[in-house]
Each structure stands twice: as C-alpha cells, then as structure tokens.
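# Working through the structure, step by step
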Amino acid sequence: MLISVIISAYNRKEFLKNAIRSVYTQLLDKGLYEVVIVKNFEDKDIDDYIAKLGYKNIIYDTPSYGEQVSVGIEESKGEILAFLEDDDEFKPNKLSKIYKVFSTQKEVSYFHDTREYIYNDKIVDINTKDHKIIWIIRYLEEITPHEDVLIDPFDKRVGKFLIKYHGTVATVSLMAVRRSCIEDKLALLKQININVEDFIPAFAAEYGKLFHTADRLTRYRIHNENSSKAFNEKDTERTLFNLMRSINDGKIIINNISPKNRIRSVIKMRLLSAKLTLYNSPEEIKKKLGYKQNVLSAIKDLSELYLINHDLHAYLSTLPYTIYNSIPSKRMKMLIKRIVKGAR
C-alpha cells in the first residue's frame, strides 16, 4: 500500500519548506509513501530543496483550491491520499498511524487526527493564556473529540455527534482518504473554490466509515494568513470573501451526496453560518464584496440553522441583531442603540 502526500501552496512561501521537511522526516519507511507538491510559483531555494528530496514539484496557477488538490491527486499514484497545507506540519509518526489504520481497518474510508498548535514558530500549550489565540484554540478544542471514534456516517444516531464535534470533518491537513472514494469525483472537486475540507469527508462518507484519533499528529499553525481566521480589518475582509466563495461550494457538495449521509447536516450548518456571518457584517465590506441578501432570507437561514444545531441561546442572541442590521436608517440604528444602552 502506497500513501501519496499532497502538499498545496498558493502565493505563500515562508512555511512551505517546514511542511515538506516534516514529511521527509516521517518514521514510516520512505518506500511506502510519495510526495507531490502543487504550488502556483517558482522559487529557486524551495524548488532546489524539493529536487534534492526527489519529490514531484508541480507548478499550477489557479485560485481554486479544489482544482489545485485535483491536480496533485492526478499526479499521484497512492491508494491512500494524505493532505498537507503549506503552513502546517506532520509530526514524525503521522504517516505510520495512517498506514496502520488503513491497512488494518478495511471499512475505514477516511482518517482524521487531532491538532497540536504552532504560534510564532513555537508549539503552544492548549491551555495557553495568550489572549491573541486563546479563543481560536478553545473553539477548536471544543469541536474536536478527544478520544478515538469510528463513525458510520449513515447511522442516524451519529447526527448529533457530528454537529457537536464537527471538527472531526475540518482542516484538510488532518485528513487522509482512500483514493477510490474521490478519484472519480475530480471533475466535481475542480469546481470547489475553497471548501476542500467539506468535500473530502463528504465523499469519503459515501464509501465507508470515518475514523478520528485523539492522537495529536499534525501541527496546525495559527497566523494572520489563515483563510478562516481574522486578526485585523484586512483579515476580516479576506475571511468574509472566503466565506462568500464557500457558499456555492457547500451547495455543490450537498447536491451530489446521498440524502442519508450525515455529513450533509454539517455542511448545511456551515453554509448557513457563512451566510449569516456575511449578512451581519459591516455594510461597507458587504458592498465591496457585492454580497446581497434580504432580511427575510436571513431570518429563514437562522431558523434552519437552529433546527440543525438546536442552539437556542445563539438563535435568541442572533435574531435581534439580524433584524437590527436590516434597518437602513443610520439614525434609527443610533436611536435603538441609545435605548438599549439606557435599558442596561
């Protein structure tokens, strides 16, 4: 059995050699895995390093993450596909664990591990008090199960589990999948702008069970260029743009998987959350992004979201905010703010 590691990079060079090095230093026999790097740039230092290691170096310029990953898969030969983004790193025993799971558990179509965190090039304790990143780590730890689990995605009973622990199907660098699950879906994957992390588990679930391990086998880097994290106003605009791109991705995936596949609810939840986040974003950013949605549609999305996650607190706190953001008059908004402030 051969594992193909697909490393992807787009317009970002600073972390890539660390990612590649983390794959080279794996404890697994080097004859049991190959490495394919797909990036949209040439860089002598990086390219020489890739050539020295004997890895495949593909230059392919596309803003579509799905298309970039598809090219890497097409250039690979392994029965198992493991994915790594340029800013993350594998711990030395990662591929050994993947190899063991897929070779001993034939019913498993999808592998997922748990994060270790890197910030400012240092490993961060999950109980860090650093106010800049504590909210990110707490959230990711809350949505990730901290025990090994084997999930049957067509079992009705796992629906609530997947909603609570939707981190089980998040972050591409934590994922590996049997090639047979997605090889005939590459034309569809090429249509995916950014939501590869939804695509991979959704289609893997069509063919087998999902395995998540509590072992922290991947170093997840927190920095201001994370596609889903915002540290300042510029980051916020970039993050919202990516959310807007993700909405159509979610629709494509939902329309092409079984109605009984429980990953559907997770993708639907993320799609609705993305729309609500965009709706409740600053008007100037929405205008710049060209995002339009009316208040009735937003309230409908919020109601659908509640039916999925059953989070009454979030529903009751978001509803008035959503209605407030539908008011076109700035003067009226100022008046409401004064009344609310006075009531407190």
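Attention here is on the structure that accompanies the text. Being a predicted model, the structure only gives us computed values, none of them experimental.

## Digging into the pairing of strand β9 (residues 175–178)
Both faces of β9 are covered, namely the face carrying M175 and V177 and the face carrying A176 and R178. Alignment of strand β6 (residues 108–119) against β9, held across three bridges, turns out to be antiparallel. Looking at β9, one finds that Y110 is bridged to V177.

## What to know about the pairing of β6
Among the 12 residues in β6, 12 count as buried, and that is most of the element. As paired strands, β6 and strand β10 (residues 209–222) are joined by 10 bridges and run parallel to one another. Residue pairing for β10: I118 is matched across the bridge by R221. Alignment of β6 against strand β7 (residues 122–124), held across three bridges, turns out to be antiparallel.

## Quick look at unusual backbone geometry
The backbone phi angle of N11 is positive, close to 60°, even though this residue is not glycine. Looking at the element boundaries, N11 is found in the loop between β1 (3–9) and α1 (16–24). With a phi close to 55°, H310 is a non-glycine residue in the positive phi region. Looking at the secondary structure, you find H310 in the loop between α13 (295–309) and α14 (312–324). Given the relative accessible area of 52%, H310 is considered exposed.

## Remarks on the pattern of salt bridges
Side-chain pairs of opposite charge can arise where the charged atoms are in close proximity. Under the definition given, this model contains 24 salt bridges. Taking the shortest distance from any N to any O, the salt bridge between D43 and K13 comes out at 3.7 Å. Here the residue D43 occupies a position in the loop between β2 (33–39) and α2 (44–53), and K13 occupies one in the loop between β1 and α1, the gap between them amounting to 30 residues. The exposure class of K13 is partly exposed, given its relative accessible area of 40%. Residue E141 is joined to R216 by a salt bridge in which the shortest nitrogen-to-oxygen separation is 2.9 Å.

## Details of the environment of L2
Counting through the fold element by element, L2 comes out in the segment before β1. For L2, a relative accessible area of 19% translates into the label buried. With 187 residues separating them in the primary sequence, L2 and L189 have C-alpha atoms 22 Å apart. Those residues in contact with L2, other than ones at most four positions away along the chain, are G31, L32, Y33, E34, K77, G78, E79 and I80.

## Observations regarding the packing of helix α11 (residues 263–279) against α13
Look at α11 against α13: their axes get within 9 Å of each other, and the N-to-C directions meet at 145°. Handedness of the α11/α13 crossing: left-handed. Every residue of α13 that contacts α11 at S265, K268, M269, L272, S273, K275, L276 and Y279 is listed here: V295, A298, D301, L302, E304, L305, I308 and N309. Of the residues that constitute the contact of α11 with α13, the class distribution is nine nonpolar, three polar and four charged.

## Digging into the nonpolar core
Judged by nonpolar contacts, the single largest core of 58 residues is most densely connected at F83 and I182. At 10 residues, α11 tops the list of elements feeding residues into this core. Core analysis: the second largest hydrophobic core is formed by 31 residues, V5, A19, I37 and I98 among them.

## A few points about α11
Between its first and last C-alpha, α11 extends 25 Å over 17 residues, near the 24 Å set by a 1.5 Å rise per residue. Of all 17 residues in α11, 12 are buried, a share of seventy percent or more.

## Here's the deal with the packing of α13 against α14
Look at α13 against α14: their axes get within 10 Å of each other, and the N-to-C directions meet at 175°. Accordingly, the angle class assigned to the pair α13 and α14 is roughly antiparallel. On α14, the residues touching V295, A298, I299, L302, S303 and Y306 of α13 are L312, Y315, T318, L319, T322 and I323. Among the residues forming the contact of α13 with α14, the class breakdown is nine nonpolar, three polar and no charged.

## Comments concerning the packing of aromatic side chains
Aromatic rings in a pair are described by how distant their centres are and how their planes are angled relative to each other. In this structure the tally under the stated criterion is five aromatic pairs. Judged by centre distance (5.5 Å) and plane angle (45°), the rings of Y306 and Y315 are tilted. Owing to a relative accessible area of 28%, Y306 belongs among the partly exposed residues under this scheme. The ring of Y49 has K17 lying over it, and the distance from NZ or CZ to the ring centre is 5.0 Å.

The rules we used
Residues numbered from 1 in each chain as written. Predicted model: local features only at pLDDT ≥ 70, side-chain atom pairs only at ≥ 80, totals over all residues. Heavy atoms only, no water. Buried < 20%, exposed > 50% of the residue type's maximum accessible area, 1.4 Å probe, protein only. Helix = DSSP H or I, 4+ residues; strand = E, 2+ residues; numbered from the N terminus. Pairing = 2+ DSSP bridges. Salt bridge = Lys/Arg side-chain N within 4 Å of Asp/Glu carboxyl O. Contact = heavy atoms within 4.5 Å. Axes fitted to C-alpha atoms, helices over the stretch in contact; angles between N-to-C directions. Left-handed = near helix turned anticlockwise from the far one by under 90°. Nonpolar A, V, L, I, M, F, W, Y, C, P; charged D, E, K, R; others polar. Core = buried A, V, L, I, M, F, W, Y, C linked by side-chain atoms within 4.5 Å. Expected span 1.5 Å × (residues − 1). Parallel < 35°, antiparallel > 145°, perpendicular 65-115°, else oblique. Phe/Tyr/Trp six-rings, centres within 6.5 Å; stacked < 30°, edge-to-face > 60°. Lys NZ or Arg CZ within 6 Å of the ring centre and 35° of its normal.

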